[in-house]
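# Chain and residue survey
Now for the letters of each chain:
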Amino acid sequence: MSKKSKKKVKPRNQLFPEPTKEIRLNKCTTDVLTSLIPQCHILDSRFFGWMEKESEYDWGCKMVDYMTKADISKSIIYATLKTGRILSEENLKNLSEEEIEEWNLACDEYRELSESDPDLITTELNSLPKETECPDLSKEELEAVFELRGLHPLLVEKCKRTFVNSHFRESVMNGTLAVLQEIKEITGRIDLDGSDLVDNVFSPVNPVLSTGQYGLGDDTEQKGVHFLFKGFVLAIRNQFMHRDIYLENPFIAIEYLSFFTFLLRILDGMTLNESDQVKDNN
């Protein structure tokens, strides 16, 4: 019998458009392709580019909502939309006289026109472009985004450099590795990894790391922590390790790192079971 020739498969980077290109698809086509190509990860922006992007209009809607809830003056809200910047004591020294004057004029404009046009903010909001654009931030801006989140020190050590240099996928991958490495170092279970590590360490039955359970006589809290870390491995760590995900939005990356910070804070508050320490030492 003749051997069957092995079918050649194109590398993944030849199957999808370059990251700088974008294919616009209507909803019907998107739904069909989503059902036909389920292996395409939802965060792969080379295929669904618009899922990682935000328009100026979307940004404006969020900003108006946040500032309104914070009881910020409407003239300041209007000036923010009009100029695309917020004035504060911190950033005032970084703005030119022209930029400050533009801001002051926008505030004055609102005070003059708001009585005759009560929908002035809505009008300005609707004038913002609705086309989606991925944030293009400088190193200084990326560093500010990173620092403002107050991330766990371990993530600052492992992820800051790659994040500030716009290597967002690498930052997320480094973050996943940092969380798992911390679990290994705390428990000594360097022989396990991924789901096996999580199942062993956080199992509600004789856990290596315990939540304490507050003396309630049940294991619901321990189960919850187990599920959190198991979901982290399956939904994030495994996806970034085994799929070719193209991540270009810094704000999505920082959300991942914020979640990893939450997991590391949980780890910081857990108790290492003494029996497991003795077992490992033996």
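See the structure shown above.
Our subject in this report is the structure included herewith. (Residues numbered from 1 in each chain as written. Predicted model: local features only at pLDDT ≥ 70, side-chain atom pairs only at ≥ 80, totals over all residues. Heavy atoms only, no water.)

### So, the overall build of the protein
- The secondary structure content of the protein amounts to 13 helices and four strands.
- Buried positions account for 37% of the 282 residues belonging to the protein.
- Considering only contacts within the protein whose residues lie at least 6 apart along the sequence, 65% involve residues at least 24 apart.
- When the accessible area of the protein is evaluated, it comes to approximately 17,600 Å², of which 53% is carbon and sulfur surface. (Helix = DSSP H or I, 4+ residues; strand = E, 2+ residues; numbered from the N terminus. Buried < 20%, exposed > 50% of the residue type's maximum accessible area, 1.4 Å probe, protein only. Contact = heavy atoms within 4.5 Å. Areas by Shrake-Rupley, 256 points an atom, 1.4 Å probe, with all protein chains shown as cover.)

### Here we look at the nonpolar core
- Formed by 40 residues in total, the largest nonpolar core has its most connected members in Phe163, Ile183, Phe202, Phe229 and Phe260.
- When residues of this core are traced back to their parent elements, those giving at least two are helix H7 (139–148), helix H8 (153–164), helix H9 (168–187), helix H10 (194–202), helix H11 (220–242) and helix H12 (250–268).
- Per element, the largest residue contribution to this core is nine residues, and it comes from H12.
- In this structure, Met63, Tyr78, Ile121 and Leu128 belong to the second largest nonpolar core, which totals eleven residues. (Core = buried A, V, L, I, M, F, W, Y, C linked by side-chain atoms within 4.5 Å.)

### Structural notes on the environment of Leu81
- Along the chain, Leu81 falls in helix H4 (residues 74–83).
- Residues Leu81 and Tyr57 lie 24 residues apart in sequence; the distance between their C-alpha atoms is 9.5 Å.

### A word on H12
- Compared with the 27 Å implied by 1.5 Å per residue over 19 residues, the 27 Å span of H12 between its first and last C-alpha is a close match.
- Of the positions making up H12, those classed as buried are Pro250, Ala253, Ile254, Tyr256, Leu257, Ser258, Phe260, Thr261, Leu263, Leu264, Ile266 and Leu267.
- Those residues of H12 hidden inside the fold are in contact with H7, H8, H9, H10, strand S3 (209–210) and H11.
- The N-capping residue of H12, defined by a side-chain oxygen 2.8 Å from the backbone nitrogen of Phe251, is Asn249. (Expected span 1.5 Å × (residues − 1). Polar contact = N/O pair within 3.5 Å; in protein donor to acceptor, adjacent residues only side chain to side chain.)

### What to know about H9
- Taking 1.5 Å per residue as the helical rise, H9 with its 20 residues ought to reach 28 Å, and the 29 Å between its terminal C-alpha atoms agrees with that figure.
- Burial of H9 is extensive: 14 of the 20 residues sit out of reach of the surface.
- Directly after H9, the chain includes Gly188, whose backbone phi takes a positive value near 80°.

### Details of the packing of H10 against H11
- Running from N to C, H10 and H11 point in directions that differ by 175°, and their axes come no closer than 10 Å. On the basis of their axis angle, the class for H10 and H11 is roughly antiparallel. Contacts between H10 and H11 involve Gly194, Ser195, Val198, Asp199 and Phe202 from the former and Gln222, Val225, His226, Phe229, Lys230, Val233, Leu234 and Arg237 from the latter.
- Counted by class, the contact of H10 with H11 contains six nonpolar, four polar and three charged residues. (Axes fitted to C-alpha atoms, helices over the stretch in contact; angles between N-to-C directions. Parallel < 35°, antiparallel > 145°, perpendicular 65-115°, else oblique. Nonpolar A, V, L, I, M, F, W, Y, C, P; charged D, E, K, R; others polar.)

### A few points about unusual backbone geometry
- Located in the positive-phi region is Asp71, a residue other than glycine, with phi close to 60°.
- Counting through the fold element by element, Asp71 comes out in the loop between helix H3 (56–69) and H4.

### Remarks on the pattern of salt bridges
- By the definition in use, this model includes 15 salt bridges.
- A salt bridge links Glu157 to Lys158; the nearest nitrogen and oxygen atoms lie 3.8 Å apart.
- Residue Lys158 is classed as partly exposed on the basis of its relative accessible area, which comes to 42%.
- Each of the salt bridges in this network shares a partner with another, and the network as a whole consists of Lys82, Glu109 and Glu124. (Salt bridge = Lys/Arg side-chain N within 4 Å of Asp/Glu carboxyl O.)

### Notes on the side chain of Ser210
- Within the secondary structure layout, Ser210 lies in strand S3.
- If we skip the residues at most four places from it in the chain, Ser210 touches Gln222, Met270 and Thr271.

### Some points on the side chain of Thr261
- As for its placement among the helices and strands, Thr261 is situated in helix H12.
- By relative accessible area, which is 9% here, Thr261 ends up buried.
- A polar contact is formed between the side chain of Thr261 and the backbone nitrogen of His152, at a distance of 3.0 Å.
- Excluding residues within four positions of it along the chain, Thr261 makes contact with Gly150, Leu151, His152 and Leu155.

### Some thoughts on the environment of Gly194
- With respect to the secondary-structure elements, Gly194 resides in helix H10.
- You can call Gly194 buried: its relative accessible area is 3%.
- Note: C-alpha distance between Gly194 and Phe229 (35 residues apart in sequence) is 9.5 Å.
- In this view, Gly194 contacts Leu180, Val233 and Arg237; residues no more than four positions away in its chain are not counted.

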